[in-house]
Structures are given as structure tokens and as C-alpha cells.
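Residue-level structure breakdown
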Amino acid sequence: MASNSTKSFLADAGYGEQELDANSALMELDKGLRSGKLGEQCEAVVRFPRLFQKYPFPILINSAFLKLADVFRVGMLGSLASIIPERKNAHHSIRQSLDSHDNVEVEAAVFAAANFSAQSKDFAVGICNKISEMIQGLATPVDLKLKLIPILQHMHHDAILASSARQLLQQLVTSYPSTKMVIVSLHTFTLLAASSLVDTPKQIQLLLQYLKNDPRKAVKRLAIQDLKLLANKTPHTWSRENIQALCECALQTPYDSLKLGMLSVLSTLSGTIAIKHYFSIASGNVGSSPRSSDLVRLAQECCYHNNRGIAAHGVRVLTNITVSCQEKDLLALEQDAVFGLESLLVLCSQDDSPGAQATLKIALNCMVKLAKGRPHLSQSVVETLLTQLHSAQDAARILMCHCLAAIAMQLPVLGDGMLGDLMELYKVIGRSATDKQQELLVSLATVIFVASQKALSAEVKAVIKQQLESVSNGWTVYRIARQASRMGNHDMARELYQSLLTQVASEHFYFWLNSLKEFSHAEQCLTGLQEENYSSALSCIAESLKFYHKGIASLTAASTPLNPLSFQCEFVKLRIDLLQAFSQLICTCNSLKTSPPPAIATTIAMTLGNDLQRCGRISNQMKQSMEEFRSLASRYGDLYQASFDADSATLRNVELQQQSCLLISHAIEALILDPESASFQEYGSTGAAHADSEYERRMMSVYNHVLEEVESLNRKYTPVSYMHTACLCNAIISLLKVPLSFQRYFFQKLQSTSIKLALSPSPRNPAEPIAVQNNQQLALKVEGVVQHGSKPGLFRKIQSVCLNVSSTLQSKSGQDYKIPIDNMTNEMEQRVEPHNDYFSTQFLLNFAILGTHNITVESSVKDANGIVWKTGPRTTIFVKSLEDPYSQQIRLQQQQAQQPLQQQQQRNAYSRF
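Predicted model, so just to flag it, every value in this text is computed and none were measured.

1. Examining the overall build of the protein chain
A count of helices and strands for the protein chain gives 37 helices and nine strands. A separation of at least 24 residues holds for 71% of the contacts in the protein chain among residues at least 6 apart in sequence.

Pasting the structure below:
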């Protein structure tokens, strides 16, 4: 009977012709697992993934895994540690299995013990003594001891537990000097120290001791590997003596492989706070001079080593020392770093091997860091790159172009100098249509856009278009156009988008490209703006708005249910509203000339007690403009909060648009509406020196200039004069003259994060309400799953999920009773932390008022930095509150009792007549 039911259940993708609920489906699969036939058991196991897809409920999944674990014994149980870390029967099962005489079961128990120890403090405390006894027991085989020792790395839940595990490991390292035992014990030692953050300096000293004194190369390699781990995780715990000991070992070792590993550790430390500790002056000791230290001597010796990896790490150490140390007499070190980088660049740029490319990346990163930290060296670095660019391999050229673009972004003054060489190179490359050539076309075009800073000359555009027409494919042209949009070269971008319109087969792609072309055309219209020419500014803005409206129509047509383009649409709508607000403000400023205040304006102002009324109708218009700009700033803030998956450059761009709105709003208030209470301290020079892009740098420069002008007028003149309105109009023109940058998130989403909510109880038909009695509370369970794309957590990760539940009364029943005010609304909020991307919580809701209620559940997330993001989704269900039977019975009885009395009163009334 069980076999037949199992077969009928497993018949097809729907798990049988008859639809079963989750519990029934699990019971049927359980029957298959318990079948005496191996084939039916295997079939039941294979069907579990399809069951999880159909019913993705954690309770069912946990139960199913436990049933599977019963089939596969303890090994499967170990994989469930993150789901059931505190399940006591699982703990007991693992302890029992460790004493088994079956070697397979013991190995599975060791695996499960390691996983549960990492998740559960109670299990780790309870199992620690058991593991210690087995490791120290003479009857335990050595192979089993080697598998048990790594469990001790998870004994980091409290200091006492970590201390006891460390004592045991110390004893093992001393008592068992064999290579395998020392390697396993030392590595476990390191992982325990890194997790517990207890005795990390002692662990560094122990590893250095083994590196120096132990003759076995395997042990030395393990010590170097663990030192690298501690250098990455806890660089602040490294003392000067530790770094000095490592330098001495690297200077003395005759083996290149060991020297490479030690230099790798030192290069990691040289980019952290540890390098400052090494060169600092301790109490009672004279600090080491950067020019005479063993670390510098080691780096100088290794800069020209025949091993590329050693040379790369040596150059990296020299670069980090040069950038970190603030001494002025570092000319020799600077020259050593530059010469080492040049030699490494020449060596690696001629080699296409993966090792050479990896080394080249290290050298180029050092060049960018050196140019930023020591700007006086940047010119020689750029000249070296440009010289080598002509003779390098294509793969190296691509990396060198990225380096040049990064340097030009940091130091725009170098852009003009490199433009000529870049154009000469662009003319001669691209003889073939290989992937490397196509990538090089994009990289070189990007550097040219960065180096040009402002609008491209006709000659530059002609060279780029001619080269693209000859060898490039459509995807390369699109990538170059995208870079032009990011760099603000909208004239070039428009022409490239136009050339691609007829090369796409999809209707949605056509509308997407057409919208980009219209947006580029709209921004190009703003390049003709000139200060003091306000009528021309209005014409330019109107022309720009015309193309923006065409573009938003195409963008809407390009959206699909799977790709709604919500960020792009909202960003463009805000840009349109901002341009309209700018245009309206310029018209308001012009109204001071076309409609000046009436002669009795001063009298009206004195009568009303509002001095601003003497300015006439412009005062009310300015107030409306200020509120509009504040509203736009708030909407930009909402867009920022909704863009959880955006990269930092895109978010900074949105933030700059918001600051532009706040700047104009503040200028209106400071110049016209409330000049006396205006404060300029909070609007200081903020971050212009630390701008990450030319667009941000130019915007910050405009902000500072506008604030200086506003503050100057605020102190000298009373409002409202033509100088005040001219200042506002010039501020608008200055902001619009900076070409808008369409950042990466507008074109490409590298991180994808979404939340899927499930509410229970939930109606079978979404339009039907859930029935609940008004004297009871509804227990609303909210479950959710965090879904990721291919690169989860690339920019930021979810720390917790905030669930907000609110209810509103949609329609009220005929009866109306007096209800306490507390029972009329529901407004609740809870924060939950996802566990393996799953979370759940419950809410108790009151529906004392009879009628239909609308329940809205909205989710937002908080990242690791404590920033709240409004990611959604927003889910709605309906609840119908019904009168409970007991209250209904009492009410009917009262009505029936009142009817004879009402009839008697009516008869009395009739008798009087």
C-alpha cells in the first residue's frame, strides 16, 4: 500500500495527479525512504529537490533534512549544523557516534562535530573535553587525531574555552614533533588565535620561531602561510620586533620560494598600520630610519630579482614605505621605487603569460598609489607608461590604459599631456577584430575621454569614429558610448548610440538605445549655457526638456516585467523635474524686472508685519521654489535609499544631485527669504580635495563658488535686488554647465539583491479577505528569503531586515459601536537577522472594528554600517473582521427585548391621538 501511494505521488512534476499539501507530500516521500526496495529509496531521495522548489518553507525543509539525515546518518547531520545548531538530540547523536567502532561513522561524527562546534557554543563547551581525551588517548590512531585536532579551531566562543584549547595545542606541538602533526597543530593554533583574538602576538612569535629554527621546508611554508593570514586579519598586533625578525629570515634564506612567501607577508604589512609601528620611535628606543632599516635593504635587494614575484613584492614594499613615511629626505627611496617599477613594467609588458600579467597588475597598482601619494613623481610615471605603451603586448596595454585613466582621474592636470600620445596610438591599433583588440579600443577610448576633461575636439572624434567603423563590433561601440556618457562627453555618446540603433534585433534594445541617444542629446543642449545670458539659458533648458521627454517615453517602452528599469526611470524623471524647477526659478528671477513690487508694497509689509512683502509677488514665488527644491532633494534621498545594489560612484552621483537641490534651496533662503538667520558654517568646503572623479571635483568647485557668492551678497545687501536674482541664475547656469555623468548603475547592475515575502495565513484568492472575529487577535507570520545574483555582497551586505506592518480600515460594516482608540489601528515594526538568507517573525494584530481591513507589510534592510535601505517589497492582504457569535447573540437578544417596549411606546403615542 505504501509502495502504491509512493508511486502515485511520484508520478509527475506535480507529485501526482491529485494536488497534495506540504505535509502530505513529505509523508509520502518519507514512506518512500522507509521502503525496503533500494530503487524506491533512491527515487524518493531524487524527488526531494523538487519538493523544496514547490514548498520552500523552512519547517518542511528542516523536517525533510532530518529524515534524509536518518538515511545518510551523521554525515548528513553535519551539513545541517547551520540550520539546527542547538538541537540537543543531534548533539547527543554526534557524541555517541564518536565512540562507534565503525570507522566511517566516526569520520562522519568528526565532520559533524566540527560543523556544530562552529555554530553552537553549548556544543563546543560540551564536546571540548571529549575531543581532548580522544586526542590524548593512546588508543586513538594518529590519522584520527589529525582529523580531530582541527575541531579545536572552533573553540573560540569564550576566553576560558579558547585558553584550554590553546594549552592542549601547545602540548601537542611539543609532544608530537612529526611533520604532519606539527603542521596540523600549528595551523589550528593560528585559526584559533585569529578567531578568538586572544594571544595573537604570542602566536606570531611562535610561527616566527618555527620559521627561523625548524629545518623542515614544509613547516616553514606552513608558518609563512599562517603569518600571511594574521597579517591580513590582525596587522595591528604585529610589533616592530616581529617585522624585524621576518626581515632577518628573508635576508638569510637561500631559497627563492621561501623568500617569496616572506616578502608577500611583508608587502601585506607594508600597506597597513604595522609599517608605522616599524618606523615609529618607541619609548627609550631610537626609531629606525627608513633609509637604513633591514626592511628597506631587503626591498632594495629584491627590486631587481630575476624572480618576477619577488621583484613585485620588493617594489610594493618600497612604494608603501615611500607613501606612508612623512620624512622629506626620501629622494633615494623614491628613485628606487620609480626605477624598480620601470624595470618591472618593461619586463612584464612584453610577456602575455598569466604570471607576468599578475605581476604587472601589482606594479601598476603601485604606480597609481605612488602618483597619488607623491604627486611630484606622477609626471615621470605617466611618461614611462606612455613610452612603454607603444611596444607592449595587447593584454598589457589594456592594464596600462586602466592605470593611466586612474592617474588622470586623480590628477587632471596630467590629462592634456598624455592626449597626443594616446591619439597616435589609437590610430595604429585595431588592425584585427580579436577580443584583446576590442578590449584595447574600449580602454584607450576611456583614457582619451578622461584625459580630454572637457568636450572632445573634432579631430579626436573623427579618429575614434574612423577606427570604430573599420574594425569594431557593435558591443565595442556600445561600451565606448557608455564610457562617453559616464565621462560627460554626450556629443560623442549621441553619435555612437545613433549608429547602433539599426544593429539590434530586439525591440526593447532599440528603445533602450534610442532613450540613451535622446538623453545624450538633451545634455548636449546644455553645453551652450553662458553666464549672464538668462534668456538663452531658458531656451537651452526648454530644448533639453524636449529631448528628455522623448527619451523617457522610449525608456518606458524599453522596460519589461523582468527588467523594469526602475532606477533609470526615476533618475531621469528627477532630472526632468530638476530642469523644470531651474527654469521656473529663472523665470521667477526675471519677474523682478517684468513685475516689480507696487508702490504700496512697503505699506503692505508694515501693515502685515512681514518685511518680505515689500518685495511684492516674487517673495511668494521664491518660497514655492524653495519648497520645490527641498522636495526634489527628498526624492533624491529616497532614490538613494532604494538603490541598495548600486556601486559607490553611482550613489555619490545621486548624492551630488541632492546637494545641488539643497544648495539652491539654501541660496534662496539666505538671499531672499530669511537672510538674517542664514548659517554658512554647515556648508563649508566639503571633500573637494578627496573627490574620486572629475565630475565630483567640478561639482564641488561650483558648490564652493556659489556659497562664497551667496555669503558675500548676504552680508552686503538687503533683499531683493537684481544682484540677488542674478546670483541665483548664475548658480543654476554654473551647475548645468557641468556635464551630467551617467554612472555605472544606470547601465549595469553588478550586484543583485531582492527579498521575497510569504504571509500566513494567506487567502487562496488574493482578492478574497481573511475572516477573523473581532474579539480575537490575528497572528500574522511573515517569512522571507533574501535572493542574490551572481556576486552577492559585492558592495554591501544585509545585516538585518526591518519589517513594518500597518493596517487601514477600507470599508465599515453597518453597525457602529464605541471602540477604544488603541484598537482602531495597527502599526508595528520588527527587526530580524537573516539566517542563511531566511528570516521569519510574527505580529499580533487587533481588528476590533467590524469591516474590511487592508494589511500592508513592507520590508527594508540595514547593512553592516547601520544604513537603512528601502529595498521593498510591499505586500498587501485583506482581512474581514466579523462579529463574534457570543456578542452577536447578546445583541440580538437585546434587540428582541427592546422591540416590545418600542411597540408599547408606539401604541401609547397612537392612543393620545
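2. Brief notes about the pairing of strand β1 (residues 753-760)
Burial along β1 is one-sided: T753, I755, L757 and L759 are buried, and none of S754, K756, A758 and S760, which face the opposite way, are. Relative to strand β3 (residues 777-788), β1 runs antiparallel, the two being bridged by eight bridges. The residue of β3 that forms the bridge with T753 is H788.

3. Concerning the pattern of salt bridges
Under the defined criterion, the tally for this structure stands at 27 salt bridges. Here K130 makes a salt bridge to D99, at a shortest N to O gap of 2.4 Å. With K130 in helix α8 (residues 121-136) and D99 in the loop between α6 (88-98) and α7 (103-119), this pair connects stretches of sequence that are 31 residues apart. We classify K130 as buried; its relative accessible area is 15%.

4. Structural notes on the pairing of strand β6 (residues 838-846)
The side-chain alternation of β6 yields one buried face, formed by F839, T841, F843 and L845, and one unburied face, formed by Y838, S840, Q842, L844 and N846. Taken together, the nine bridges between β3 and β6 define a ladder with antiparallel strand orientation. Paired with L778 across the strands is L845, a residue of β6.

5. Observations concerning the sheet that holds β1
Here three strands make up an open sheet; going across it, the order is β1-β3-β6 and the pairing antiparallel. Only two strands of the sheet have a single partner each, and these edge strands are β1 and β6. Looking at each pair of strands side by side, their axes are set apart by 25° on average, direction ignored.

6. Some details on the layout of surface pockets
Volume-wise, the second largest pocket comes out at about 1,200 Å³. N563, P564, L565, Q568 and K749 are the residues nearest the centre of the second largest pocket, which is lined by 40 residues in total. For the lining of the second largest pocket, a count of residues per class yields 22 nonpolar, 14 polar and four charged. Both domains that meet at the lining of the second largest pocket, namely domain 3 (519-746) and domain 4 (753-812 + 820-895), each give it at least three residues.

7. A look at empty space enclosed by the protein
Across all of its chains, the model carries four cavities of 30 Å³ or more by this definition. Space inside the largest cavity adds up to approximately 70 Å³. Around the largest cavity, the lining residues are R575, L578, F582, Q657, S660, Y695, M699, L735, L736, V738 and L740. Mapped by element, the contributors of at least two residues to the lining of the largest cavity are α30 (566-594), α33 (648-673), α34 (694-716) and α35 (722-737). With three residues, the top contributor of residues to the lining of the largest cavity is α30. Taken together, the residues that form the lining of the largest cavity break down as eight nonpolar, two polar and one charged.

8. Quick word on α33
For α33, which comprises 26 residues, the first-to-last C-alpha distance of 36 Å matches the rise-based estimate of 38 Å (1.5 Å per residue) to within 8%. Most of α33 is tucked away: 19 of the 26 residues are buried. The backbone nitrogen of A649 lies 3.3 Å from a side-chain oxygen of the residue at the head of α33, namely D647.

9. Concerning unusual backbone geometry
In this structure, P761 follows S760 across a cis peptide bond, with omega equal to 5°. Mapped onto the secondary structure, P761 falls in the loop between β1 and β2 (770-773). In the segment running from G872 into P873, the intervening peptide bond is cis, with an omega of 5°. Although it is not a glycine, L565 sits at a positive phi angle of roughly 55°.

10. Examining the packing of helix α13 (residues 217-233) against helix α15 (residues 256-270)
Running from N to C, α13 and α15 point in directions that differ by 10°, and their axes come no closer than 9 Å. Looking at the two axes, α13 sits roughly parallel to α15. Here K217, K220, R221, I224, L227, K228, A231 and N232 of α13 come into contact with α15, specifically with S257, L258, G261, M262, S264, V265, T268 and L269. For the contact of α13 with α15, a count of residues per class yields seven nonpolar, five polar and four charged.

11. Notes on the side chain of R482
On the secondary structure map, R482 appears in helix α26 (residues 474-487). Buried and unpaired, R482 has E439 as its nearest opposite-charge partner, separated by 8.6 Å. When near neighbours in sequence (up to four residues on either side) are disregarded, R482 contacts W475, Y497, F747 and Q748.

12. Details of the packing of aromatic side chains
Per the counting criterion, the structure on display carries 18 aromatic pairs. Centre to centre, the rings of F571 and F746 are 6.0 Å apart; their planes meet at 70°, and the pair counts as edge-to-face. Of this pair, F571 sits in helix α30 while F746 sits in helix α36 (residues 744-747), and the two are 175 residues apart along the sequence. A single burial state applies to F571 and to F746, both of which are buried.

13. Looking at the confidence of the model for the protein chain
Residue-level pLDDT values for the protein chain average 85, and 88% of them are 70 or greater. Below a pLDDT of 50 lies the segment residues 1-19, which in the model reaches 32 contacts outside its immediate sequence neighbourhood of four places, other chains included. Here residues 685-689 is modelled with pLDDT under 50, and outside its nearest four sequence neighbours on either side it reaches seven contacts, counting other chains as well.

14. Side note on the packing of α15 against helix α18 (residues 308-324)
Relative orientation of the contacting elements α15 and α18 amounts to 25°, with a least axis distance of 9 Å. Of the possible angle classes, the one that applies to α15 and α18 is roughly parallel. With respect to the hand of their crossing, α15 and α18 are arranged in left-handed fashion. When α15 is examined against α18, the residues D256, K259, L260, L263, S264, L266, S267 and S270 are found in contact with a partner set consisting of G309, I310, H313, R316, V317, N320 and S324. Considered class by class, the residues forming the contact of α15 with α18 number five nonpolar, seven polar and three charged.

15. Structural notes on the state of the cysteines
Per the counting criterion, the structure on display carries zero disulfides. Here C729 is not cross-linked by a disulfide; its sulfur's nearest cysteine counterpart is in C589, at 3.9 Å.

About the criteria used
- Positions within a chain are numbered from 1, following the residues in the order the chain's sequence is written.
- In view of the model being predicted, local features appear only for residues whose pLDDT reaches at least 70, and side-chain atom pairs are presented and counted only at 80 or more, with totals across whole chains, interfaces and linings using the full set of residues.
- Only hydrogens and water are set aside when side-chain values are computed; all heavy atoms of the structure are taken into account.
- Put simply, DSSP H or I for four residues or longer makes a helix, DSSP E for two residues or longer makes a strand, and each gets a number counted from the N terminus.
- Contacts were defined at the residue level, with two residues in contact if any of their heavy atoms lie within 4.5 Å.
- Relative accessibility thresholds used throughout: buried, under 20% of the residue-type maximum; exposed, over 50%; partly exposed, between the two (1.4 Å probe, protein chains only).
- For two strands to be treated as a pair, DSSP must find at least two bridges joining them.
- Salt bridge, as applied in this entry: a Lys or Arg side-chain nitrogen positioned within 4 Å of an Asp or Glu carboxyl oxygen.
- Helix axes are fitted only over the stretch in contact, all axes being lines through C-alpha atoms; the angle between N-to-C directions runs from 0 to 180 degrees.
- For cavity detection a 1 Å grid was placed over the protein atoms alone, and a set of points counts as a cavity when a 1.4 Å probe fits there but cannot get out; an open set counts as a pocket when protein lies on both sides within 12 Å along at least five of seven lines, with lining residues being those that have an atom within 4 Å of a point.
- Grid points are joined across faces, edges and corners, and a volume is the space filled by probe spheres set on the points.
- As a working rule, the residues Ala, Val, Leu, Ile, Met, Phe, Trp, Tyr, Cys and Pro are called nonpolar, Asp, Glu, Lys and Arg charged, and the rest polar, with Gly in that last group.
- Domain limits in this description derive from either an automatic procedure or a database domain assignment.
- For a helix, the expected span equals 1.5 Å multiplied by the residue count minus one.
- We call two N or O atoms a polar contact when they sit within 3.5 Å, provided that within protein one can donate a hydrogen and the other can accept it, with sequence-adjacent residues counted only if both atoms are side-chain atoms.
- Roughly parallel means an angle under 35 degrees; roughly antiparallel, over 145; roughly perpendicular, 65 to 115; everything else is oblique.
- Under the convention used here, Asp and Glu are negative, Lys and Arg are positive, and both His and the chain ends fall outside the count.
- Pairing of aromatic rings covers Phe, Tyr and Trp, the last through its six-membered ring, and needs centres within 6.5 Å; plane angles under 30 degrees mean stacked, over 60 mean edge-to-face, and all others mean tilted.
- Predictor confidence is given residue by residue as pLDDT, running from a minimum of 0 to a maximum of 100.
- For any helix crossing, the convention is left-handed if the near helix is rotated counterclockwise from the far helix by under a right angle, and right-handed if that rotation is clockwise.
- When two cysteine sulfur atoms lie within 2.5 Å, the pair is treated as a disulfide.

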